[in-house]
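# Survey of secondary and tertiary structure
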Amino acid sequence: MDSEDDMLDANDSADDDFYSGGEAGLGGSDDGDADYDFADHDSDDSAELLSHRQQLNYSILSEADIQQRQEDDINRVSTVLSISKSEACVLLRNYNWSVSKVHDEWFADEEHVRKVVGLLEKRIEMPNDRELTCGICFESCPRTSMSAAACGHPFCSVCWRGYISTSINDGPGCLMLRCPDPSCTAAVGQDMIDSLADDEDREKYGRYLRRSYIEDNRKTKWCPAPGCEYAVEFVMGGGSYDVNCDCSYGFCWNCTEEAHRPVDCATVSKWILKNSAESENMNWILANSKPCPKCKRPIEKNQGCMHITCTPPCKFEFCWLCLGPWSEHGERTGGFYACNRYEAARQEGAYDDAERRREMAKNSLERYTHYYERWAANQSSRQKALGDLLSLQNDKLEKLSDIQSQPESQLKFIIEAWLQIVECRRVLKWTYAYGFYLPEHEHAKRQFFEYLQGEAESGLERLHQCAEKELQVYLEAESPSKDFNDFRTKLAGLTSVTRNYFENLVRALETGLNDVGPSTSQGACSKNTTTKSLGGKSKSGKSRASSTSSKTGGTGRGVDESNIWTCDQCTYANPRSARNCQACNNQHR
């Protein structure tokens, strides 16, 4: 893609046309045609980013939060229905912890609800005898050592404890525990568990109860990160399904896979299955091996001779070219290193199907490898960026604060830059899965997609290089640097523009590049193809999309410049009909 040329251009000058970070960014050039005015809008960008992050459609729940919410729901049901907390807990468990559903069902038919969940309308007391017979061990025990659920069936404390312990050790099914009497359906509530079970079993039961509150509730899920004990409550409605847990793991609420915008859940599922399945192994086998004519085991040719001998116990000897028995080969077939029988047979069409399958498998493997390597490379780069961010937060930020004599609160722009790098690497990674499944016959969409992807790569590399290599200069300095404020302006500007570009890229891909019309010629796109792109503005006033297209000779990623205008403030490429910039809301002049 053209991103390599763009990155080379970026390294040549500090005030690059795509991300200007020099004096033009601070105060504007003499002719008033400055690329960016980051110094004036840096605080606004930070406030906008903070506001965006506060508008979340989910909340993170710790173990204490879960327990508190659970108790609140139990108390609410207990108060409204005038029942005990233990009975309220039984009701909520049976109706998946939905308070509204409990209320609806209860007031619609209380008798039916009691029968279904095992709540008796009136508690039955045990017989008032000095000694009672346990219904499990059939031993006669004093009444004081006997216990019963609301049904009144007496069992000794030892049998109750064993019954409860066995049920708890069997798993979460203990939450639906009923009376041990086979003919009774009375529920055993948490009050009996607390009074009869030992400490270990009570702790297990409480853990199952909290997990039930999350797992049975449609609005809550556990964070899927290994070892994470946070849960997430999600509010359905507008916005994306992306969730960022307090453990720093991001995932999709809908499918619980790693956060994957702009790719939909179905595509992610197919991509993960393809990466883990044996399909690519079979493609490799088809492309690089041939089956033994006798035992059909695949054989890879690792020497120059065409005389192949299969491994024991088969030991069949055959010709690699025509797969015929080697005993039939001699001087008339061209000797040991050539076989004109194969050429003659291929001319007759005998091997057309086999060759076609092998060629298709090879092409499929090469195409998959192309996308997978870049997907994995961005994943690796993202993991490295996460490590660098952690190192910066734990150690380097404090060191930089001491060297540059600035409080850490004024260095948050560096953290924001690295957070943006991590997020952009994730988005860029999934664009390769998007590209893999993009229909090949939609040439205009594919060409425009590759243009947007190339620009995204170019912009991200600039930001990553600035945050990684240029920052290192100031970390290794021995005294405060005079140009540190210039670095601040440049890095903040790169972060802002890269964020805007990737947000627009995500929106464009999530809508399926609907603004791209059918191509009328090779590399042609409709007049609306750039409405979602970010075209940087160069000093000459030409759009970045135009300059990039000229580098490639105008083929493959053509953009109709006459139907766009470039924002003077943020360089976003807007459709001609827009009066305000779609990225920063700056009015078009």
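Residues numbered from 1 in each chain as written. Predicted model: local features only at pLDDT ≥ 70, side-chain atom pairs only at ≥ 80, totals over all residues. Heavy atoms only, no water.

## Topic: the overall build of the protein chain
If you tally the helices and strands in the protein chain, you get 18 helices and 15 strands. Counting over 589 residues, the protein chain shows a buried share of 44%. By sequence separation, contacts in the protein chain at least 24 residues apart represent 56% of the contacts at least 6 residues apart. Counting every atom, the protein chain has about 30,900 Å² of accessible surface; 47% of that belongs to carbon and sulfur. (Helix = DSSP H or I, 4+ residues; strand = E, 2+ residues; numbered from the N terminus. Buried < 20%, exposed > 50% of the residue type's maximum accessible area, 1.4 Å probe, protein only. Contact = heavy atoms within 4.5 Å. Areas by Shrake-Rupley, 256 points an atom, 1.4 Å probe, with all protein chains shown as cover.)

## Some remarks on the confidence of the model for the protein chain
In low-pLDDT regions, the fine details of the predicted coordinates are not to be read closely. Here the protein chain averages 77 in pLDDT, and 72% of its residues register 70 or above. Ignoring residues within four places in sequence, the model shows residues 1–54, a span with pLDDT below 50, making 99 contacts including any to other chains. Note that residues 519–561 has pLDDT below 50 and, in this model, 104 contacts with residues that lie over four places away or in other chains. (pLDDT = per-residue confidence, 0-100.)

## Quick word on the packing of helix H4 (residues 63–81) against helix H10 (residues 199–215)
Between H4 and H10, the shortest axis-to-axis distance is 10 Å and the interhelical angle comes to 80 degrees. Here H10 runs roughly perpendicular to H4, going by the angle between their axes. Touching Glu63, Ile66, Gln67, Arg69, Gln70 and Asp73 of H4 are Leu209, Arg210, Tyr213 and Ile214, all from H10. Of the residues assigned to the contact of H4 with H10, the class counts are four nonpolar, two polar and four charged. (Axes fitted to C-alpha atoms, helices over the stretch in contact; angles between N-to-C directions. Parallel < 35°, antiparallel > 145°, perpendicular 65-115°, else oblique. Nonpolar A, V, L, I, M, F, W, Y, C, P; charged D, E, K, R; others polar.)

## Digging into the packing of aromatic side chains
The geometry of an aromatic ring pair comes down to the distance between the two centres and the angle between the two planes. Counted under the stated rule, the structure contains 26 aromatic pairs. With 6.4 Å between their ring centres and 15 degrees between their planes, tyrosine 249 and phenylalanine 251 make a pair best called stacked. Looking at tyrosine 249, the relative accessible area reads 28%, which means it is partly exposed. Owing to a relative accessible area of 0%, phenylalanine 251 belongs among the buried residues under this scheme. Judged by centre distance (4.9 Å) and plane angle (40 degrees), the rings of tyrosine 474 and phenylalanine 487 are tilted. Residue tyrosine 474 is found in helix H16 (residues 443–475), and its partner phenylalanine 487 is found in helix H17 (residues 484–510); the two are separated by 13 residues along the sequence. Taking the relative accessible area as the measure of exposure, phenylalanine 487 reaches 3% and is therefore buried. An aromatic cluster is defined as three or more aromatic residues linked by ring pairs; in this entry it consists of Trp271, Tyr368, Tyr371, Tyr372, Trp375, Trp430, Phe436 and Tyr437. If you follow lysine 221 out to its NZ or CZ, it ends over the ring of tryptophan 253, 4.7 Å from the centre. One residue, arginine 367, lies across the ring of phenylalanine 436, its end atom 4.5 Å from the ring centre. (Phe/Tyr/Trp six-rings, centres within 6.5 Å; stacked < 30°, edge-to-face > 60°. Lys NZ or Arg CZ within 6 Å of the ring centre and 35° of its normal.)

## Topic: the environment of arginine 178
Looking at the element boundaries, arginine 178 is found in the loop between helix H8 (157–169) and helix H9 (190–196). With 60 residues separating them in the primary sequence, arginine 178 and glycine 118 have C-alpha atoms 7.7 Å apart. What arginine 178 contacts, discounting residues up to four positions off in sequence, is Val116, Val117, Gly118, Tyr163, Thr185, Ala186, Ala187 and Val188. Separated by 3.3 Å, the side chain of arginine 178 and the backbone oxygen of valine 116 make a polar contact. (Polar contact = N/O pair within 3.5 Å; in protein donor to acceptor, adjacent residues only side chain to side chain.)

## Some words on the sheet that holds strand S1 (residues 58–61)
Two strands in a sheet stick together by hydrogen bonds in their backbones, pointing the same way (parallel) or opposite ways (antiparallel). Strand order in the open sheet formed by three strands is S1-S7-S6, with antiparallel pairing between adjacent strands. Bordering the open sheet on either side are S1 and strand S6 (220–222), each of which pairs with just one other strand. With direction set aside, neighbouring strand axes in the sheet form an average angle of 25 degrees. Note: S6 against strand S7 (residues 231–234), three bridges, orientation antiparallel. (Pairing = 2+ DSSP bridges.)

## Notes on the layout of surface pockets
Taken as a whole, the second largest pocket spans an internal volume of roughly 410 Å³. Lining the second largest pocket are 19 residues, with Asn96, Trp97, Ser98, Asn217 and Lys219 sitting closest to its centre. For the lining of the second largest pocket, the elements supplying multiple residues, two or more each, are H4 and helix H6 (99–108). Among the elements that take part in the lining of the second largest pocket, H4 stands out by supplying four residues, more than any other. Looking at side-chain class alone, the lining of the second largest pocket contains five nonpolar, five polar and nine charged residues. (1 Å grid on protein atoms, 1.4 Å probe; cavity = no way out; pocket = protein on both sides within 12 Å on 5 of 7 lines; lining within 4 Å. Points joined across faces, edges and corners; volume = space filled by probe spheres on them.)

## Section: the environment of valine 422
As for its placement among the helices and strands, valine 422 is situated in helix H15 (residues 412–437). For the pair valine 422 and arginine 382, spaced 40 residues apart in the sequence, the C-alpha separation amounts to 5.4 Å. With residues near it in sequence (within four places) discarded, valine 422 still touches Arg382, Ala385 and Leu386.

## Brief notes about the side chain of histidine 464
Checked against the element boundaries, histidine 464 lands in helix H16. Here histidine 464 falls in the buried class, since its relative accessible area comes to 7%. With residues up to four places along the chain from it excluded, the contact list for histidine 464 reads Ser381, Ala385, Trp418, Ile421 and Arg425.

## Looking at a negative patch on the surface
Negative charge collects at one region of the surface, where Asp104, Glu105, Asp109, Glu111 and Glu121 lie side by side. Examined against the element boundaries, aspartate 104 turns out to sit in helix H6. The exposure class of aspartate 104 is exposed, given its relative accessible area of 54%. (Patch = residues over 30% accessible without salt bridge, like charges linked within 9 Å, V, L, I, M, F, W, Y side chains within 5 Å. Salt bridge = Lys/Arg side-chain N within 4 Å of Asp/Glu carboxyl O. Lys, Arg positive; Asp, Glu negative; His and termini not counted. Charge placed at Lys NZ, Arg CZ, Asp CG, Glu CD.)

## Remarks on the environment of tyrosine 371
By the secondary structure assignment, tyrosine 371 is in helix H14 (residues 352–404). Put simply, tyrosine 371 and glycine 435 are 64 residues apart on the chain and 7.8 Å apart in space, counted from C-alpha to C-alpha. Excluding anything up to four places from it in sequence, tyrosine 371 contacts Trp271, Tyr432, Gly435, Phe436 and Arg446.

## A closer look at the pairing of S7
Alignment of S1 against S7, held across four bridges, turns out to be antiparallel. Residue pairing across strands places serine 59 opposite glutamate 233, the latter belonging to S7.

## Re the state of the cysteines
Enumeration according to the criterion identifies zero disulfides in this entry. You can see cysteine 137 has no disulfide; the closest cysteine sulfur is in cysteine 134, sitting 3.6 Å from it. The closest cysteine sulfur to the non-disulfide-bonded cysteine 252 is located on cysteine 265, 3.6 Å from its own sulfur. Given the relative accessible area of 2%, cysteine 252 is considered buried. (Disulfide = S-S within 2.5 Å.)

## Side note on the pattern of salt bridges
Tallied over the entire structure, the rule returns 18 salt bridges. Between arginine 202 and aspartate 199 there is a salt bridge, and its shortest N-O distance comes to 2.1 Å. Placement of both arginine 202 and aspartate 199 in helix H10 is noted, with a separation of three residues, approximately one turn of the helix. One salt bridge connects arginine 207 with glutamate 203, and the closest N-O pair in it is separated by 3.8 Å. Highlighted residues: arginine 207 and glutamate 203, both in helix H10, separated by four residues, approximately one helical turn. Since its relative accessible area comes to 39%, arginine 207 is described here as partly exposed. The exposure class of glutamate 203 is exposed, given its relative accessible area of 52%. Salt bridges sharing partners connect three or more residues here, namely Asp242, Glu423 and Arg426.

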